[in-house]
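Listed below are the residues making up each chain.
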Amino acid sequence: MKYFHAFTVITFFILIIVALFNYNCNNDKQNDKLELRYYMWGTPTVANLHRELLNQFEKENPGVSVRLEASNWGAYWDKLQIQLASGAAPDVYWMSSAYFYNFVDAGVFRNLAPYIKRDSVKLENYFQEGYPVKSQDEIYGLWKDMTAVVLFYNKNMFDEQGLAYPDESWDWNDFLVTAKKLTIDVNGDNIIDQWGTAAFMPYIEEYIGPMVFSNGGLVLNESKTKCLLDQPAAIEAIQFMVDLLRKHKVCVLPSQTGSVGGDPFMTGQVAMIQNISALIPEYSKVKNFHWSIAPIPKSPQTNKRITTSGCLVHVINSETKHPEMAWKLVKFLSEEKAQTVMAESKLFVPSLKKVAQEVFTAPPPDNMIEVLKAADYAHDLQPTANWLEWNNAVQRALEPAFLGNKSVSECCQAAVKAVDRIINE
Amino acid sequence: MIKLKNNIKETIYGYLMISPWLIGFIIFIAGSMIASIYLSFTNWRLIGDSSWVGFENYRTILSDDPRFWKSIYNTAYYTFIAVPLGAMGSLLLALLMNQKVCGIKIYRTFYYLPVVTSGVATAILWSWIFNPRLGLLNYVLGLIGINGPDWLLSEVWSKPAFILMSLWGIGGSMIIFLAGLQSIPEVLYESAKIDGANWWHKFRHITVPMLSPTTFFVLVMGVIGSFQIFTSAFVITNGGPADSTLFYVLYLYQNAFQYFRMGYASALAWILFIIIFMFTFIQFRFAKRWVHYETLQ
């Protein structure tokens, strides 16, 4: 009798499993629609915007459905890696120009150069900086949006002190003088509660890169075989940043402001912040003060300003079953109609110059044109296969200087040592 | 004959009962572990080709990777302070919670509560507590006239901050100690009392030795757990400032999922396994000297 029970239970399970498999098979047969998988990162708002774009694409291409998969920035890369490794990668997905070189040599992207040539896509109509082109015959992505580092400033704070807004004429000295005037104790308790500027730890994209480039230096040499942060131009630029924080005390680290986990610019504790344009949607949520955008200040040494800029592209899985349709989707998203939707949302700076100039720059917020202008004086992020790794290494090496534990030149030498090791691996 | 048959039947049932766990273990854990031994001898990067590199990963880790030694130092620093401190704290708490006071169960629940909160939530909570300007900790220190440090922004104070944070979870070992305390027969204390022992004598000569198997368990599990500290560091500092909170598993994670060196990370994982194995082995070796398993029969 007992055996009988066991037998029934096992049979029952087998039946369920068979039924499940069968169900799947039937489903496949019924579903002769062509399905593409689209993978992205971002908030639900961003995902909804893309869902709308994909709906539009589906409408224009009957018989095609696009499944949208989204995760947050960190999980995106973990999941993508694992999907690529197990051969289950999405057909079309987002690629940041900084990560591009990590993947490209593994052959996971489809070469889009033949399609670009065939459909005569005009590449020159897009913002170029950071565009991951290996050569004329090897292009692995098509534009989505661009980012550039600019100077955001709190107009109310400038007005309260009767100061002129930052403009193109500013160099580091003007920046410092104004920052000093904006670092004040607002409520009179003898503790500073408003700062001229804020710096997150030494990130290359927002701080080290723009400052060093503007001062005539480079983070890596042109052939990307050697780190140049121990050169005088770089040391001087980094010293200026450290001085803002430690000597002049006009700069604050976000975690010191008490705006826990937040951005002290958004909480109205900081007058100016040098940051990437990708933060515009976040900053647009600010309701209790007006802000605007200016170019980053020039280096007084070189009288030049060079900011950093990158772009985001769509790539196609080299193993996709539907390359033609995937290309159609990628192209659709880079064209005027889709780019306009992105521009109107103000969530992204569209890569298509025309749309960016005509649609994206319409206020509010004002001065959005500065983001586009920044593209004209921008350097790329010097991407390599180990970009993230050496970026982190630079940050780690420079942190003691920002914390006041070691001299800048000492830290710069440590950075060079660590970076050289990584890029020459 | 019939008996043998019954035995076999019972064995089969036994395995059937544990089979969901066993199958899960074989497929998802044992399989991956064996695969990771192989991977640790390759330069696999998840995607693209990989090749056999022999002991190269191990050689690099041990002889040519300053961050490995940094992470070992940080993890050892953390473990050897946090574990004894945690064990002492939880024993003290267990002794308090073992008092026959009205509403003691409510207190026990309170002290155990932090253990069931999610690690990420705890980490974020503590990053607020450590905030140099508005944090609770520096506020309390300020009341007694101490100017608190920039906890998580200081290379010196970041590790002590994590040790303090680890004490948040002592409720877990408290429960284990409590169970240990309650299994000590009351008669022992009674007879000691008759012999004229004071509270210290009772504690030193009855509680401590009778509790030694529990203490041993708490220490072994504590060391294993501490060597694997990850969540709080990952959420709060991500290893910074200047690698002062780069703990071993965080470094392993960075290699595997941020820098895509799966082979290297696998080698790191096996080195950690050996380290933990060694420490556990040493603890078992020393246990013979101070752990007593006598029970009252």
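Every chain is numbered independently, its residues counted from 1 as its sequence is written. To read the labels, note that chains go from A and ligands from 1, taken in the order they are written. Only residues with pLDDT of 70 or above have their local features reported here, since the model is predicted, and side-chain atom pairs are shown and tallied only from 80 upward, although totals for entire chains, interfaces and linings are computed over all residues. Computation of side-chain values covers all heavy atoms of the structure but excludes hydrogens and water.

A closer look at unusual backbone geometry
In this structure, Lys249 of chain A is a non-glycine residue whose phi angle is positive, near 55 degrees. Numbering of helices and strands runs from the N terminus; a helix is a DSSP stretch of H or I covering at least four residues, while a strand is a stretch of E covering at least two. With respect to the helices and strands, Lys249 of chain A occurs in the loop between helix 9 (232-246) and strand 8 (251-252). Exposure is judged per residue with a 1.4 Å probe applied to protein chains only, and the accessible area is read against the type maximum: over 50% gives exposed, under 20% gives buried, and values in between give partly exposed. Among the residues examined, Lys249 of chain A registers a relative accessible area of 53% and is labelled exposed. Even without being a glycine, Phe260 of chain B presents a positive backbone phi close to 60 degrees. When you line up the elements, Phe260 of chain B lands in the loop between helix 12 (248-258) and helix 13 (262-290).

With respect to the packing of helix 9 of chain A against helix 17 (residues 408-423) of chain A
Residues and elements named next belong to chain A. Packing of helix 9 against helix 17 brings their axes to within 10 Å, and their N-to-C directions diverge by 125 degrees. Considered as vectors, helix 9 and helix 17 are oriented oblique to each other. Classified by chirality, the crossing of helix 17 by helix 9 is right-handed. Of the residues in helix 17, those in contact with Ile235, Ile238, Gln239 and Val242 of helix 9 are Val408, Ser409 and Cys412. Put simply, Ala, Val, Leu, Ile, Met, Phe, Trp, Tyr, Cys and Pro go in the nonpolar bin, Asp, Glu, Lys and Arg in the charged bin, and everything else, Gly too, in the polar bin. Each residue belonging to the contact of helix 9 with helix 17 can be placed in one class, and the counts come to 5 nonpolar, 2 polar and no charged. To get an axis, fit a line to the C-alpha atoms, keeping to the stretch in contact for a helix; angles then go from 0 to 180 degrees between the N-to-C directions. Oblique is the label for any angle not covered by the other classes, which are roughly parallel (under 35 degrees), roughly antiparallel (over 145) and roughly perpendicular (65 to 115). Less than a right angle of anticlockwise turn of the near helix away from the far helix marks a crossing as left-handed, whereas a clockwise turn marks it as right-handed. Two residues qualify as a contact provided that any one of their heavy atoms is within 4.5 Å of a heavy atom in the partner residue.

Re empty space enclosed by the protein
Residues and elements named next belong to chain A. Here a cavity denotes a set of grid points, spaced 1 Å apart and computed over the protein atoms alone, in which a 1.4 Å probe fits but from which it cannot get out, and a pocket denotes an open set meeting protein on both sides within 12 Å along at least five of seven lines; residues with an atom within 4 Å of a point are reported as lining. Grid points are joined across faces, edges and corners, and a volume is the space filled by probe spheres set on the points. By the definition in use, this model includes 3 cavities of 30 Å³ or more. Within this model, the largest cavity holds a volume of roughly 150 Å³. Taken together, 13 residues make up the lining of the largest cavity; nearest its centre are Thr197, Tyr207, Met241, Leu244 and Gln274. Those elements that provide at least two residues to the lining of the largest cavity are strand 7 (195-198), helix 8 (204-214) and helix 9.

A word on the confidence of the model for chain A
As a note on interpretation, predicted positions should not be read in detail where pLDDT is low. Averaged over every residue, the pLDDT of chain A is 87; residues scoring 70 or more account for 92%. Residue-level confidence of the predictor, termed pLDDT, takes values from 0 up to 100. In the predicted structure, residues 23-30 of chain A sits below a pLDDT of 50 and forms 0 contacts with residues beyond four places in sequence or in another chain.

Quick look at the nonpolar core
In terms of nonpolar packing, the biggest core is built from 148 residues, with Met95, Phe103, Leu229 and Ile238 of chain A touching the most fellow members. Residues within four places of Ile238 of chain A in sequence aside, it is in contact with Ile208, Val212, Leu229, Leu398, Phe402, Val408 and Cys412 of chain A. Residues enter a nonpolar core if they are buried and are Ala, Val, Leu, Ile, Met, Phe, Trp, Tyr or Cys, with the set joined through side-chain atoms within 4.5 Å. Core analysis: the second largest hydrophobic core is formed by 24 residues, Leu46, Tyr248, Ala267 and Ile276 of chain B among them.

Here's the deal with helix 13 (residues 336-345) of chain A
All names here are of chain A. Along helix 13, the positions that sit buried rather than exposed are Ala338, Gln339, Thr340, Met342 and Ala343. Residues of helix 13 that are buried make contact with helix 2 (44-60), strand 6 (142-154), helix 12 (323-334), strand 12 (349-350) and helix 14 (353-360). Lys346 sits one or two positions beyond helix 13 and adopts a positive phi of about 60 degrees.

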